[in-house]
Amino acid sequence: MEQQQPPVDLFATPIRIDDTAKRHITALAQWAMIIVITAVIGYVITLIQAFIPSRTIIETEPDSEGFSSFMRMGGQSIAGAIFGIVIGLLINYFLYRFSVQSRKGLAISDIDELGGGFRNLKIYFIIVSIFMIIFFLFGLIGVLALM
Amino acid sequence: MEDQQPLFEFNVDETSAGEIVEMTRWSKLFAILLSCVLVVAVLVLIMLSKRLSADLTAEMGDGKSLVLGFVYVLIILAIGVAAMMMFFLIRSANRIKNGLFRHDQALFNSGLNDLRIYFIFLGVVGILSLCSSLITLI
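Residues numbered from 1 in each chain as written. Chains lettered and ligands numbered in written order. Predicted model: local features only at pLDDT ≥ 70, side-chain atom pairs only at ≥ 80, totals over all residues. Heavy atoms only, no water.

Enquirer: So what about the pattern of salt bridges? Which residues, and what values?
Expert: Residues and elements named next belong to chain B. Across all of its chains, the model carries five salt bridges over all chains by this definition. A salt bridge links R25 to E22, with the shortest nitrogen-to-oxygen separation between them at 3.0 Å. Of this pair, R25 and E22 both sit in helix α1 (residues 14-60), three residues apart, which is roughly one turn of the helix. For E22, a relative accessible area of 28% puts it in the partly exposed group. Measuring nitrogen to oxygen at the nearest pair gives 3.0 Å for the salt bridge that ties R91 to D114. (Salt bridge = Lys/Arg side-chain N within 4 Å of Asp/Glu carboxyl O. Helix = DSSP H or I, 4+ residues; strand = E, 2+ residues; numbered from the N terminus. Buried < 20%, exposed > 50% of the residue type's maximum accessible area, 1.4 Å probe, protein only.)

In structure tokens:
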């Protein structure tokens, strides 16, 4: 026998943003902001780390084929770091927007603002899902190559 | 007779409920994808374990078992943390969605709590990785 789904009516007895929900969403927003701040500091460190080895390479390795060592090795690592940082900033921007908008929504008791916050969280999950699919496909290719 | 509603509480309207439900769908998809990545990571680990062991024996000799053990513990710890994060994310998606559809306030709130736990995990992992980056930099 088929199991019957309950009819969807979001207004029968509406869900409220009560004290407990407010507390959880506030904590969510605070942790989201912590994640964004740590990520941004991490990007700065990544940039510094990308620049530091390139300097040592310049001092230790001779030039070849008309390209300096900086261009060959340091340039690649800097380009990779910048690419990663741009993607990371894009992802974290939506987490930041979620944090700011949801806290504002709770402060002024505005459901539209809170909904906007959750929309940003949805976009964050969409972007990380897309990157996870790409990462998964590369991983799968890697596993198949190992076989 | 109208329901008494505290002054600073407000209802979730249709638009916001739609946004929240959409958010739970995508978060669930992300958690499922993360679990697939974990499975692939475990497969790669199993495949590379022999090669890793051979490389370490060539480089370190007798001290390899200690290093290898440490590496395995770290990897298992990382997989365990990722699995827990995934569990809380999937549970939060289910609870928030079911809470909204069944008009169950307690279920909705517990879903938000699960999402909060997921974000706490993510934050702690972020802080730890930042600390390790700082140590590497210094």
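After that view of the structure, there is still more to cover.
Enquirer: Please give an account of the interface of chain A and chain B that cites residues and values.
Expert: With 57 residues of chain A at the interface, the matching set in chain B holds 53 residues. In total, about 5100 Å² of surface goes out of reach between chain A and chain B, with carbon and sulfur atoms giving 78% of it. On the surface where chain A and chain B come into contact, there are two salt bridges. The partner of K122 of chain A in a salt bridge is E19 of chain B, with the nearest N and O atoms 3.5 Å apart. Put simply, chain A and chain B have six residue pairs in polar contact (both at pLDDT 80 or more) between them. Looking at the side of chain A that touches chain B, the elements with two or more residues in it are β1 (16-17), α1 (19-60), α2 (69-107) and α3 (111-146) of chain A. Take the side of chain A that touches chain B: its biggest share by element is 21 residues, from α3 of chain A. (Contact = heavy atoms within 4.5 Å. Buried area = accessible area lost by both parts, 1.4 Å probe. Polar contact = N/O pair within 3.5 Å; in protein donor to acceptor, adjacent residues only side chain to side chain.)

Enquirer: Any details on the packing of aromatic side chains? Residues and values, ideally.
Expert: In total, this model carries eight aromatic pairs over all chains according to the counting rule given. A ring pair is formed by Y93 of chain A and F94 of chain A, whose centres lie 5.4 Å apart and whose planes are at 75°; its orientation type is edge-to-face. What links up through ring pairs into an aromatic cluster is the set F98 and F118 of chain A together with Y118 and F119 of chain B. (Phe/Tyr/Trp six-rings, centres within 6.5 Å; stacked < 30°, edge-to-face > 60°.)

Geometry only, nothing functional implied.
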